[in-house]
Amino acid sequence: MKAVICTKYGPPEVLQIKEVEKPTPKDNEVLIKINATAVTASDIFIRGCQVSIQYWIPMRLMIGLTKPRKPIIGLVLAGEIESAGKDIKRFKPGDQVFGITGFGLGAYTEYKCMQETDSTYGCLELKPTNISYEEATVAAYGGLLAFQYLGKGNIRPGHRVLIYGASGASGTIAVQLARFLGAEVTAVCSTTNLELVKSLGADKVIDYTVEDSLNPGEKFDFILDAVGKNKTSKLKKACKRALVPGGKYVSIDDGALMLDSKRLALIKNLVEAGHIKPVIDTTYPLEQIVEAHRYVGKGHKKGGVAITVCHNCN
Ligand SMILES: NC(=O)c1ccc[n+]([C@@H]2O[C@H](COP(=O)([O-])OP(=O)(O)OC[C@H]3O[C@@H](n4cnc5c(N)ncnc54)[C@H](OP(=O)(O)O)[C@@H]3O)[C@@H](O)[C@H]2O)c1
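Note that the coordinates shown come from a computational prediction; the quantities given were computed from them, not determined experimentally. (Residues numbered from 1 in each chain as written. Predicted model: local features only at pLDDT ≥ 70, side-chain atom pairs only at ≥ 80, totals over all residues. Heavy atoms only, no water.)

This paragraph deals with the state of the cysteines. For the coordinates displayed, the defined rule picks out one disulfide. Disulfide partner of Cys-310: Cys-313, at an S-S distance of 1.8 Å. Around the S-S axis, the bridge from Cys-310 to Cys-313 shows a dihedral of about 55° and counts as right-handed. A relative accessible area of 17% means that Cys-310 is categorised as buried. Cys-189 carries a free sulfur, and the closest cysteine sulfur to it, the one in Cys-239, is 12 Å from it. (Disulfide = S-S within 2.5 Å. Buried < 20%, exposed > 50% of the residue type's maximum accessible area, 1.4 Å probe, protein only.)

This is how it looks when you write it as structure tokens:
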């Protein structure tokens, strides 16, 4: 089978397509035929492993010294169960699934074995029936991030919620989820993404490339920084000061992504009910993985970038 191998940490060109052996599932594993994967912020990080000097050693001890310990990288997948080990209870051959591979990586290829139970090596759930495999990759990654970090806000109808960085994979889903929960949503993005973010249901949009401050007196019950600590602006600093007493500011970088199939099931339900629509910026074929990494590495994608692995599978 075809697989994308990360030969060493570095620029997109370190990724190479090679033939590798198709895996065989153990008794407690399913074999997934991967139809789509994605290029996420996490994939860019794992390929480049660019961290500040203080995290250099711990990070490399964790993911690999000179290259990722798992040569086939890729964190997100959507596909079909091809076969199931004898102990598998939740899935059967033919089921369409979506999920995250966690420390197991290995989604940049045609087949992957995974356990059906959640662990740091992944979580799997039946895919929403009304979206493509490519869209399902955004629902899994952006969805898990948005649900986990928006969940910290205990959002109630009428709460004033600000999503900073509303145009990325997690931001686009966070806006829709906050609206679904009944919040009044203010979304921050750049000029080119204003219309997109409005179309997702934001009540108000603010352009961080134009505005340096919020209106005097504008306050929020909950603020989610959905782009992470590395991306900032004068406006982001002003947002941090705009909480009501008892309000909460959460960064999507506070903690580790929880791999939770129950959360994937909630995402599936909301997608199928039409409350959440994953946003896809661009889709590349697996053969163009280097170009896809170059594009995502620029940091300005809208929603998610998907990779088609099987071309006639939707
Ligand atoms: N806690 C965890 O375990 C965990 C796991 C994975 C990822 N993360 C974090 O989650 C972050 C978000 O990931 P994602 O995939 O949702 O993001 P993403 O899709 O990579 O974000 C891209 C978006 O960010 C916007 N952006 C760039 N600079 C900005 C700025 N200064 N202010 C506001 N928006 C800006 C871009 O819009 P413009 O083009 O308009 O600038 C673009 O639409 C990652 O960067 C990472 O820090 C955390």
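What the five strands build is an open sheet, ordered S10-S9-S8-S11-S12; its pairing is parallel. Here the strands that pair on one side only, and so sit at the sheet edges, are strand S10 (204-207) and strand S12 (243-251). Adjacent strand axes in the sheet meet at a mean angle of 15°, parallel and antiparallel pairs treated alike. Pairing between strand S9 (residues 184-189) and S10: four bridges, direction parallel. Bridging from a neighbouring strand, Val-188 pairs with Ile-206 of S10. The strands touched by helix H3 (residues 133-150) are strand S8 (160-164), strand S11 (220-225) and S12; relative to S11, the strand with the most contacts, the crossing angle is about 145°. (Pairing = 2+ DSSP bridges. Helix = DSSP H or I, 4+ residues; strand = E, 2+ residues; numbered from the N terminus. Axes fitted to C-alpha atoms, helices over the stretch in contact; angles between N-to-C directions. Contact = heavy atoms within 4.5 Å.)

What follows concerns the nonpolar core. Nonpolar side chains tend to gather and get buried jointly when the protein is soluble and globular. Of all hydrophobic cores here, the largest spans 84 residues; its most connected members are Ile-32, Val-39, Ile-100, Ile-163 and Leu-224. Counting residues per element, this core draws most heavily on H3, at eleven residues. Apart from the residues lying within four places of it in its own chain, the contact partners of Val-39 are Ile-44, Tyr-108, Ile-289, Ala-292, His-293, Val-296, Lys-301, Val-305 and Ile-307. Core analysis: the next-biggest nonpolar cluster, separate from the first, contains ten residues, Leu-162, Tyr-164, Val-188 and Ile-206 among them. (Core = buried A, V, L, I, M, F, W, Y, C linked by side-chain atoms within 4.5 Å.)

Once that is clear, we can look at helix H2 (residues 53-63). Among the residues of H2, Met-59, Arg-60 and Ile-63 are the ones counted as buried. Across the axial projection of H2, the buried residues extend over an arc of 95°, all falling on one side. The exposed set on the far side of H2, more than 90 degrees from its buried face, consists of Gln-54, Ile-57 and Leu-61. Packed against the buried residues of H2 are helix H1 (41-48). At the C-terminal side of H2, Gly-64 shows a positive phi close to 135°. (Arc of directions from axis to C-beta.)

The next thing to look at is a nonpolar patch on the surface. On the surface, Ile-53, Trp-56, Ile-57, Leu-61 and Leu-65 cluster together to form a nonpolar patch covering roughly 580 Å² of accessible area. With respect to the helices, strands and loops of the structure, Ile-53 is situated in helix H2. (Patch = residues over 30% accessible without salt bridge, like charges linked within 9 Å, V, L, I, M, F, W, Y side chains within 5 Å. Areas by Shrake-Rupley, 256 points an atom, 1.4 Å probe, with all protein chains shown as cover. Salt bridge = Lys/Arg side-chain N within 4 Å of Asp/Glu carboxyl O.)

Attention now moves to the environment of Thr-66. Turning to its location among the elements, Thr-66 is positioned in the loop between H2 and strand S4 (76-84). For Thr-66, a relative accessible area of 55% translates into the label exposed. Once the C-alpha coordinates of Thr-66 and Tyr-9 are considered, the two residues, 57 residues apart in sequence, prove to be 6.3 Å apart. For Thr-66, the contacting residues outside a window of four places in its chain are Lys-8, Tyr-9 and Arg-60.

What follows is about the packing of aromatic side chains. Evaluation of the coordinates by the stated rule reveals two aromatic pairs. Ring centres 6.3 Å apart and planes at 50° place the aromatic pair Tyr-164 and Tyr-208 in the tilted group. Taken as a pair, Tyr-164 in strand S8 and Tyr-208 in the loop between S10 and S11 lie far apart in primary sequence, 44 residues in all. Across the ring face of Tyr-111, the terminal group of Lys-22 is positioned such that the distance to the ring centre comes to 4.2 Å. Over the ring of Tyr-133 we find Lys-127; its NZ or CZ atom is 4.9 Å from the centre of that ring. (Phe/Tyr/Trp six-rings, centres within 6.5 Å; stacked < 30°, edge-to-face > 60°. Lys NZ or Arg CZ within 6 Å of the ring centre and 35° of its normal.)

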